[in-house]
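So you can see what is in the structure, the chains are spelled out below.
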Amino acid sequence: MQSYNHLPSQLKNHYFIGRHGFSLANNAGLICSNPDIAIPTTGGPHGQGWGLHERGKEQVKEKAGLLAQHLFADNKKPEIVIFCSPFVRTHQTAQIIRGVLNETVPVAEPIPNIALRERFYGEYDMTSDENYKLCWKDDATGPDHGEHSDKGVESPSSVCERTTRFIVDEIESKMEGKVVILVAHGDVCQIMQTGFMHTDAWRHREMEHVDTADWRDMELVNNKA
């Protein structure tokens, strides 16, 4: 196992990863990865932070309904815990998911944790989202695979390290038998998948893509591998 991936081969809980819905930053064509900009509920195009676009809220409701069907098939009623990035768009997404699932089983308020924050894109922050492609190209190119970005972009291994350490230290060590939903961001979801599948973090673009507002059952992903 890579030194930056802390996940054991056997997990005590059943994990789902979810990506936030279409956001105001998506609508503006901007990369919004700085916590100082993306966490506050001020600023942004409407003065209420860089949260979800109305289109994104509807996306999340629709996808959360499909998640509910999946989770509650055969009258199952698992105990569900939701963790999320503290960015406005992910916190809003997690709250919508919670509201939909709460119609069937009691689900506590989502728990924000900074370890699930967006990958930081350095000098590309608040620039065109076309610059994601430059970061992904750097990730895919050896021998460094995005480890020493001259633009200050956070490396895939750094994202994998902080997210998998959080899962082990704050979830696996404290609970068992739960359905755990981790609501995060595009690259973070892709990179977490590499952690669950125990492959190199830089290969995240080779993983099945998690679209906006979509979710992924990591047990099913591993069973396909």
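Up top you'll find the structure we're talking about.
No experiment lies behind these values; they were computed from the predicted model shown.

Peer 1: Before we go on, may I ask you to explain the environment of Ile-167 in this structure?
Peer 2: With respect to the helices, strands and loops of the structure, Ile-167 is situated in helix H6 (residues 156-172). Taking the C-alpha atoms as reference points, Ile-167 and Thr-199, 32 residues apart in sequence, are found 17 Å from one another. Dropping the residues within four chain positions of it, Ile-167 is found in contact with Leu-7, Tyr-15, Glu-172, Leu-182 and Phe-196.

Peer 1: Please explain a negative patch on the surface as it appears in this structure.
Peer 2: A cluster of acidic residues, Glu-123, Asp-138, Asp-144, Glu-147 and Asp-150, forms a negative patch on the protein surface. Along the chain, Asp-144 falls in the loop between helix H5 (132-140) and H6.

Peer 1: Any chance you could explain the sheet that holds strand S5 (residues 215-217) here in plain terms?
Peer 2: Two pairing modes exist for strands in a sheet, parallel and antiparallel, and in both the strands are linked by backbone hydrogen bonds. Strand order in this open sheet of five strands is S3-S2-S4-S1-S5, and the pairing throughout is mixed. Of all the strands in the sheet, just strand S3 (111-112) and S5 have a single pairing partner and so form its edges. Where strand S2 (residues 80-84) meets strand S4 (residues 179-184), five bridges bridge the pair, whose relative direction is parallel. Residue Phe-83 lies in a different strand from S4, and its bridge partner there is Leu-182. Sheet contacts for helix H7 (residues 186-197): strand S1 (14-19), S4 and S5; angle to S1, the most-contacted strand, approximately 155°.

Peer 1: What is the right way to read the nonpolar core from this model?
Peer 2: The tendency in soluble globular proteins is for nonpolar side chains to be buried as a group. One finds Tyr-15, Ile-17, Phe-83, Phe-166, Ile-171 and Leu-182 to be the most contacted residues of the largest nonpolar core, which totals 26 residues. Contributions of two or more residues to this core are made by S1, S2, H6, S4, H7 and helix H8 (218-224). Contacts of Tyr-15, omitting those with residues within four sequence positions, involve Ile-167, Ile-171, Glu-172, Val-180, Leu-182, Phe-196, Arg-216, Asp-217, Met-218 and Glu-219.

Peer 1: What is the right way to read H5 from this model?
Peer 2: Three- or four-residue spacings in an α-helix give side chains the same orientation, since the helix completes a turn every 3.6 residues. Looking at H5, one finds that the buried residues are Tyr-132, Cys-135 and Asp-139. Along H5, the residues classed as buried sweep out an arc of 65° about the axis, all on the same side. Close packing links the buried residues of H5 with H6.

Peer 1: Can you help me understand unusual backbone geometry in this one?
Peer 2: Across the chain, the bulk of peptide bonds are trans and the bulk of non-glycine residues have phi less than zero. Cis peptide bonds are those with omega within 30 degrees of zero, and the linkage from Gly-142 to Pro-143 qualifies with 0°. Relative to the assigned elements, Pro-143 resides in the loop between H5 and H6. Located in the positive-phi region is His-198, a residue other than glycine, with phi close to 55°. On the secondary structure map, His-198 appears in the loop between H7 and S5. Since its relative accessible area comes to 32%, His-198 is described here as partly exposed. Even without glycine at this site, Ala-213 takes up a positive phi of about 70°. Here Ala-213 is to be found in the loop between H7 and S5.

Peer 1: For this particular structure, what's the right way to read the side chain of Thr-194?
Peer 2: Mapping Thr-194 onto the fold places it in helix H7. The class for Thr-194 is buried, based on a relative accessible area of 0%. In terms of polar contacts, Thr-194 uses its side chain to reach the backbone carbonyl oxygen of Ile-191, at 2.6 Å. Setting aside residues no more than four positions away along its own chain, Thr-194 makes contact with Asn-5, Cys-160, Thr-199, Asp-200, Ala-201, Arg-203, His-204 and Met-207.

Scoring rules and cut-offs
Residue numbers run consecutively from 1 along every chain, following the written order of its sequence. Per-residue local features are limited, in this predicted model, to residues with pLDDT of at least 70; the limit for side-chain atom pairs, both in listing and counting, is 80 or more; totals at the level of whole chains, interfaces and linings are taken over all residues. With hydrogens and water excluded, all non-hydrogen atoms of the structure serve as input to the side-chain values. By definition, any uninterrupted DSSP run of H or I lasting at least four residues is a helix, any uninterrupted run of E lasting at least two residues is a strand, and each is numbered from the N terminus. Here, residues are in contact when the closest pair of their heavy atoms is within 4.5 Å. Here, patches come from residues exposed beyond 30% relative accessible area and free of salt bridges, joined within 9 Å for like charges and within 5 Å for nonpolar side chains (Val, Leu, Ile, Met, Phe, Trp, Tyr). Accessible surface is estimated by sampling points in the Shrake-Rupley manner with a 1.4 Å probe; for residues, cover comes only from the protein chains shown. Any Lys or Arg side-chain nitrogen located within 4 Å of an Asp or Glu carboxyl oxygen qualifies as a salt bridge. A residue counts as positive if it is Lys or Arg and as negative if it is Asp or Glu; His and the chain ends are not included. For charged residues, the charge sits on one atom: NZ in Lys, CZ in Arg, CG in Asp, CD in Glu. DSSP-based pairing: two strands are paired if at least 2 bridges between them are found. A fitted line through C-alpha atoms serves as each axis, taken over the contacting stretch for helices, and the angle formed by two N-to-C directions is quoted from 0 to 180°. As used here, the term nonpolar core means buried Ala, Val, Leu, Ile, Met, Phe, Trp, Tyr and Cys residues forming a set that is joined through side-chain atoms within 4.5 Å. For every residue, the accessible area (1.4 Å probe, protein chains only) is compared with the maximum for its type, and the residue is labelled buried under 20%, exposed over 50%, or partly exposed between those bounds. The directions from the helix axis to the C-beta atoms are what the arc is built from. Two N or O atoms form a polar contact when they lie within 3.5 Å of each other; inside protein one atom must be a possible hydrogen donor and the other a possible acceptor, and for residues adjacent in sequence the pair counts only when both atoms belong to side chains.

Just distances and angles here, no functional claims.
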